[in-house]
Amino acid sequence: MLNKYLYVFIKLFLISIITFNGFSLDVPKLQGRINDYANIIDTQTREKLKQLLIYHEEQTTNQIAILTINSLRGDVLEEFSIRTARTWALGQKDKNNGILLLIVKNDRKLRIEVGYGLEGIITDLHAMIIIKRIIVPEFKKGHYSKGVELGVKSLVDTLKSGVEEIKVDKTTMSMIKNANAKINQNDEVIISPIILQF
């Protein structure tokens, strides 16, 4: 009898694990270049960014979209980011030149998803430095609008300049080499080079 209950318990436990791991958050509706579902970008910044991204797309055909949400609700950041970029079909089909800046406010995570056509310019290293040096410091001060604005401007400037090399300090380089690095004891960072926790 005990074996029967144990078998049922194990079976239910395994089903619950499979169900949990199989969860995927629905991709929100694409509302334009700025998709601020977490309400962290003020109206003035939203309008400035919209105009900047429209102009950049007209000049280059590159498409940059911003998505902010409150939580992944158990979904995996990388998977959700890729799924969103594909669902929204960012970039020109023949160029694959789209970029998604994903910010998950309550989970304190963000990621820059770069289309294959732009990976020669916005490398993992470029994306990580934009996040670490430009966006995250503002977010830590509670300046979400400013962090998003500066991050997007940095992406656009990098795309315009077409710079493929970037100088990094020793701290940044050690972060790249150590996927689970800590900048210091109070500042934990989660890295694939383009994912950080703020």
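Here goes a summary of the coordinates provided.

Cut-offs and rules
- All residue numbers here refer to positions counted from 1 along the written sequence of the relevant chain.
- Residues qualify for local features only when their pLDDT is at least 70, as the model is predicted, and side-chain atom pairs are given and counted only at 80 or more; totals for whole chains, interfaces and linings, by contrast, use all residues.
- Remark: hydrogens and water are excluded; side-chain values derive from all non-hydrogen atoms of the structure.
- Note on conventions: DSSP H or I runs of at least 4 residues are helices, E runs of at least 2 residues are strands, and numbering of each starts at the N terminus.
- Each residue's exposure class comes from its accessible area (1.4 Å probe, protein chains only) as a fraction of the maximum for that residue type: buried when under 20%, exposed when over 50%, partly exposed otherwise.
- Here a residue-residue contact requires only that any non-hydrogen atoms of the pair lie within 4.5 Å.
- Residue types Ala, Val, Leu, Ile, Met, Phe, Trp, Tyr and Cys, when buried and joined through side-chain atoms within 4.5 Å, form a set referred to as a nonpolar core.
- The rule is short: rings of Phe, Tyr and Trp, with Trp giving its six-membered ring, pair when the centres are within 6.5 Å, and they are stacked under 30 degrees, edge-to-face over 60, tilted in between.
- What makes two strands pair is DSSP finding at least two bridges between them.

## Some remarks on the side chain of Thr 84
- With respect to the helices and strands, Thr 84 occurs in helix α3 (residues 77–88).
- With relative accessibility at 0%, the residue Thr 84 sits in the buried group.
- The residues contacting Thr 84, other than those within four sequence positions of it, are Val 27, Leu 67 and Leu 100.

## Side note on the nonpolar core
- Of all hydrophobic cores here, the largest spans 29 residues; its most connected members are Ile 66, Ile 99, Ile 112, Val 148 and Val 152.
- Secondary-structure elements contributing two or more residues to this core are α2 (43–60), β2 (63–69), β3 (98–104), β4 (109–114), α4 (124–140) and α5 (144–161).
- In terms of nonpolar packing, the next biggest core, distinct from the first, is built from 12 residues, Leu 67, Leu 90, Leu 100 and Val 104 among them.

## Quick word on the packing of aromatic side chains
- Under the counting rule described, the total for this entry stands at 1 aromatic pair.
- Centre to centre, the rings of Phe 139 and Tyr 144 are 4.9 Å apart; their planes meet at 50°, and the pair counts as tilted. As far as the burial class goes, Phe 139 and Tyr 144 line up, both buried.

## So, the environment of Lys 48
- Summarising the element assignment, Lys 48 is placed in helix α2.
- Spatially, the C-alpha atom of Lys 48 lies 8.4 Å from that of Glu 149, the residues being 101 residues apart in sequence.

## Examining the pairing of β4
- Of all 6 residues in β4, 5 are buried, a share of seventy percent or more.
- Where β3 lies against β4, 6 bridges are found, and the strand directions are antiparallel. Its bridge partner lying in β4, Leu 102 is registered against Arg 111.
- Joining the antiparallel neighbours β3 and β4 is a turn of 4 residues, in which Arg 108 adopts a positive phi near 55°.

## A word on the environment of Ile 121
- Among the secondary structure elements, Ile 121 is positioned in the loop between β4 and α4.
- The class for Ile 121 is buried, based on a relative accessible area of 19%.

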